[in-house]
Amino acid sequence: MFDVPEIDYLAILPLIIVFAGGLIGCLLEGFLHRSRRPNAQLWLSIVTLVAALVAVVWVARDNQGITAAGAVTIDGPTLLIQGLVLMLSIIGLLAMSERLGGTNPDAFTQAGVSVPGSVEEADAVRLGGTTTEVYPLTLLSVGGMMLFPASNDLLLMFIALEVLSLPLYVLSGLARRRRLLSQEASLKYFLLGAFSSAFFLFGAVLLYGYAGSMRLDVIAEAIGTQTVMDGLLVPGILLLAVGLLFKVGAVPFHSWVPDVYQGAPTTVTGFMAACTKVAAFGAMLRLLYVGVEAARLDWQPVLAAVAAVTMVVGAVLTIVQTDVKRILAYSSIAHAGFVLTGLIAMQQVGASSTMFYLMAYGFMTIPAFALVALVRSAGSEATHISQWAGLGQRAPWMAAAFSFLLLAFAGIPLTSGFTGKFAVFAAAIANDYAWLAVIGVLASAVTAYIYFKLIVTLYFGDRKNDTVVVTPSALTTFAVVSGVLITLGLGIAPAPLLDLAANAAHFLR
Amino acid sequence: MNLTAYIYLATLLFAIGALVVLLRRNTIIVFMGVELMLNACNLALITFARMHGSLDGQVYVLFVMVVAAAEVVVGLAIIMSIYRARRSASVDDANLLKL
């Protein structure tokens, strides 16, 4: 017979709040008049996310433990990742809500079902169709992202993976301008995402066959003692890794990243670049550190190779890009490699440096994409480098903020990028992966070249273009300013957050 | 009959599904390949459940079926919207985003 599992509702309160907020958002879409939806949805989403953040800090932190029949672990790393996802999604959502003087979020189409350029689309615009379905979609995706690093059971991890991905597939297809590109990005993301999650599931099935359970603690116990079907162990781990490496965009599973990042609405790109990476690395930490740590001699070399290739390919391909969104996309691939360098170092320092790097990366990525969304030419976004030439004179604040974020991407001292890179490389060196740290430093030097080139173009480029920087509302301004300040703060005084990450890096097993 | 045979069958089905995804051009067929991979996982789950003498694997199958159904909903919606815009369901025609 089945025992009724005990669920510690206080520990999973943040998850409940976010999923409830998403479902209420769906109801509002159905029942509220369209003129009131944009404000209602915005407030509902922000209140939900802030309430969940409060619940993480004041409720869930005092109720840590393994709950729901061993399926959910609420421990230090989980809470840190959940809090980080929530903070990033708050500023991501603010950037997504940018209306630029209109009544609806500007980046999204008013009729996602219509054919681009059709009569239906024009009618939807004329009749004032809303774009507010993005709020519930985002909340549900955030719910999946919070569940992902908390799952102590491979089945739950698979479900969380799908819950976080499915809304993102839809979100990336909803751009208002260049809709064909956006739909294409959505299709590519969906087909490759479904393909990779099938690999993840098959890996989970193989580990189930090996250990007789999908629970990470049972799998961890089985490693070394279970010898009957031990041929399933390593293939299972590697297939799981394929699914997770796809989500973070590591080479050789990166081919979707540039296309999807370019085609998706820019602010959605920022949201998914930051939050998906945080959640997926959180899940990877739990799987590798709690579940299959004992078999690490089998998977560590593979992941080290993946990290090296990711850094090199990401850095080299960044150089040849001519589109700002694609530059940021390839740089996100390179950053995935840097995070992996910290992650495979193992020990407490591996987990804490990984989490610190994710903090640093998330808070520079969302503002960067929010700024890209403001640069316009003839009404639609201008993302080619040549269109950015000379923006420094016309939009000094925007150019200054973007240049600062680029310096952070490059890892210049006094930015969070430097502290983050220092943390992961130090962790790698301390655990016999010095060669990886060397590759990492070289790769950062290579990427720094394109960032500096972009800054030079911004300030000293030929100004003969019609590119303008639209004036953002308080929403984007808040998102950008808070991101820049955190990036600066983590660079100048990283000690409190490094301590926080180090204190949080204890997994409940 | 030896239960291991079912594991080999599931692996074979999974491989066929993966090849369909990689080789076929029609998005609907590609999507069917993904579904075949998920169902190969289901077959393996049931077989492992029998081998271990536990019900867990059978319960997992129910979850996987629900997730697969949700994926079909989102996937077909995306494929439909692209098809209506371009009158084509070939992955080769979706080539506006290039290096």
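Quick caveat, the model's predicted, so the values are computed rather than measured.

Caption draft 1: View of the overall build of chain B. Within chain B one finds 3 helices and 0 strands. Secondary structure of chain B in N-to-C order comes out as α-α-α. The long-range fraction of contacts in chain B, counting pairs at least 24 apart against all pairs at least 6 apart in sequence, stands at 46%.

Caption draft 2: Local environment of the overall build of chain A. A count of helical and extended segments in chain A gives 20 helices and 5 strands. C-alpha atoms of chain A, sized along the principal axes, occupy 70 × 55 × 40 Å.

Caption draft 3: Structural view of the sheet that holds strand β4 (residues 380-381) of chain A. Residue and element names in this part refer to chain A. Reading across the sheet, the 3 strands line up as β4-β3-β5 and stay open at both edges, with antiparallel pairing between neighbours. The open sheet terminates on both sides in strands that have one partner only, identified here as β4 and β5 (468-469). Bridge count for strand β3 (residues 375-377) against β4 is 2 bridges, and the pairing is antiparallel. Note that in β4 the partner of Arg376 across the bridge is Glu381.

Caption draft 4: View of the environment of A:Thr103. All names here are of chain A. In this fold, Thr103 is placed in the loop between α3 (76-96) and α4 (119-126). For Thr103, a count of 14 C-beta atoms within 10 Å gives the class partly exposed. Put simply, Thr103 and Thr276 are 173 residues apart on the chain and 29 Å apart in space, counted from C-alpha to C-alpha.

Caption draft 5: Layout of the interface of chain B and chain A. Every contact between the two is made by 32 residues of chain B and, on the other side, 33 residues of chain A. Breaking the side of chain B that touches chain A down by element, the ones donating at least two residues are α1 (4-23), α2 (27-52) and α3 (56-86) of chain B. With 16 residues, α3(B) is the single largest residue contributor to the side of chain B that touches chain A. Grouping the constituent residues of the side of chain B that touches chain A by class yields 23 nonpolar, 6 polar and 3 charged.

Caption draft 6: The environment of A:Val57, seen in detail. Within the element layout of this structure, A:Val57 appears in helix α2 (residues 37-58). Counting along the chain gives 22 residues from A:Val57 to A:Leu79, while the straight-line C-alpha distance between them is 8.0 Å.

Caption draft 7: Highlighting the packing of α1(B) against α2(B). Residue and element names in this part refer to chain B. Where α1 meets α2, the axes come as close as 7 Å, and the angle between the chain directions of the two elements is 165°. Between α1 and α2, the angle falls in the class roughly antiparallel. Note on packing geometry: the crossing formed by α1 with α2 is left-handed. Side by side, α1 and α2 meet where Tyr6, Ile7, Leu9, Ala10, Leu13, Phe14, Ile16, Gly17, Ala18, Val20 and Val21 of the first sit next to Ile29, Val30, Met32, Gly33, Val34, Leu36, Met37, Ala40, Leu43, Ala44 and Thr47 of the second.

Caption draft 8: The arrangement of the environment of A:Ala250 in detail. Residues and elements named next belong to chain A. Note on placement: Ala250 falls in the loop between α9 (233-248) and α10 (256-263). Given 28 C-beta atoms within a 10 Å radius, Ala250 is considered buried. In this structure, the C-alpha to C-alpha distance between Ala250 and Leu53, residues 197 residues apart in sequence, is 29 Å. Aside from chain neighbours lying at most four places away, what touches Ala250 is Leu245, Val306, Thr310, Ala336, Gly337 and Leu340.

Caption draft 9: Inspection of the nonpolar core at higher detail. If you look at the biggest cluster of nonpolar residues, it comprises 225 residues, and the most contacted ones within it are A:Val85 and A:Ala204. Aside from chain neighbours lying at most four places away, what touches A:Ala204 is A:Leu154, A:Leu155, A:Phe158, A:Met214 and A:Leu240.

Caption draft 10: Focus on the confidence of the model for chain B. Of the residues in chain B, 90% reach a pLDDT of 70 or more, and the chain-wide mean stands at 89. The ipTM assigned to the predicted complex is 0.94, against a pTM of 0.94.

Caption draft 11: Looking closely at the packing of α2(A) against α3(A). All names here are of chain A. As a packed pair, α2 and α3 sit with axes 10 Å apart at the nearest point and diverge in direction by 160°. The orientation of α2 relative to α3 falls into the category roughly antiparallel. Judged by the twist between their axes, the crossing of α2 over α3 is left-handed. Residues Ser45, Ile46, Leu49, Val50, Ala52, Leu53, Val56 and Val57 of α2 pack against Leu79, Gln82, Gly83, Leu86, Met87, Ser89, Ile90 and Leu93 of α3. Split into classes, the residues belonging to the contact of α2 with α3 amount to 12 nonpolar, 4 polar and no charged.

Caption draft 12: Looking closely at unusual backbone geometry. Residue and element names in this part refer to chain A. Across the junction of Val251 and Pro252, the peptide omega takes the value 5°, indicating a cis bond. On the secondary structure map, Pro252 appears in the loop between α9 and α10. Although it is not a glycine, Ala69 adopts a positive phi angle of roughly 55°. Note on placement: Ala69 falls in the loop between β1 (65-67) and β2 (72-74). In this structure, Asp432 takes a positive phi of about 65° despite not being glycine. Structurally, the position occupied by Asp432 is in the loop between α17 (416-430) and α18 (434-460).

Conventions and cut-offs
Residues numbered from 1 in each chain as written. Chains lettered and ligands numbered in written order. Predicted model: local features only at pLDDT ≥ 70, side-chain atom pairs only at ≥ 80, totals over all residues. Helix = DSSP H or I, 4+ residues; strand = E, 2+ residues; numbered from the N terminus. Contact = placed C-beta atoms within 7 Å. Pairing = 2+ DSSP bridges. Buried ≥ 20, exposed ≤ 12 C-beta atoms within 10 Å, placed from the backbone. Nonpolar A, V, L, I, M, F, W, Y, C, P; charged D, E, K, R; others polar. Axes fitted to C-alpha atoms, helices over the stretch in contact; angles between N-to-C directions. Parallel < 35°, antiparallel > 145°, perpendicular 65-115°, else oblique. Left-handed = near helix turned anticlockwise from the far one by under 90°. Core = buried A, V, L, I, M, F, W, Y, C linked by C-beta atoms within 7 Å. pLDDT = per-residue confidence, 0-100.

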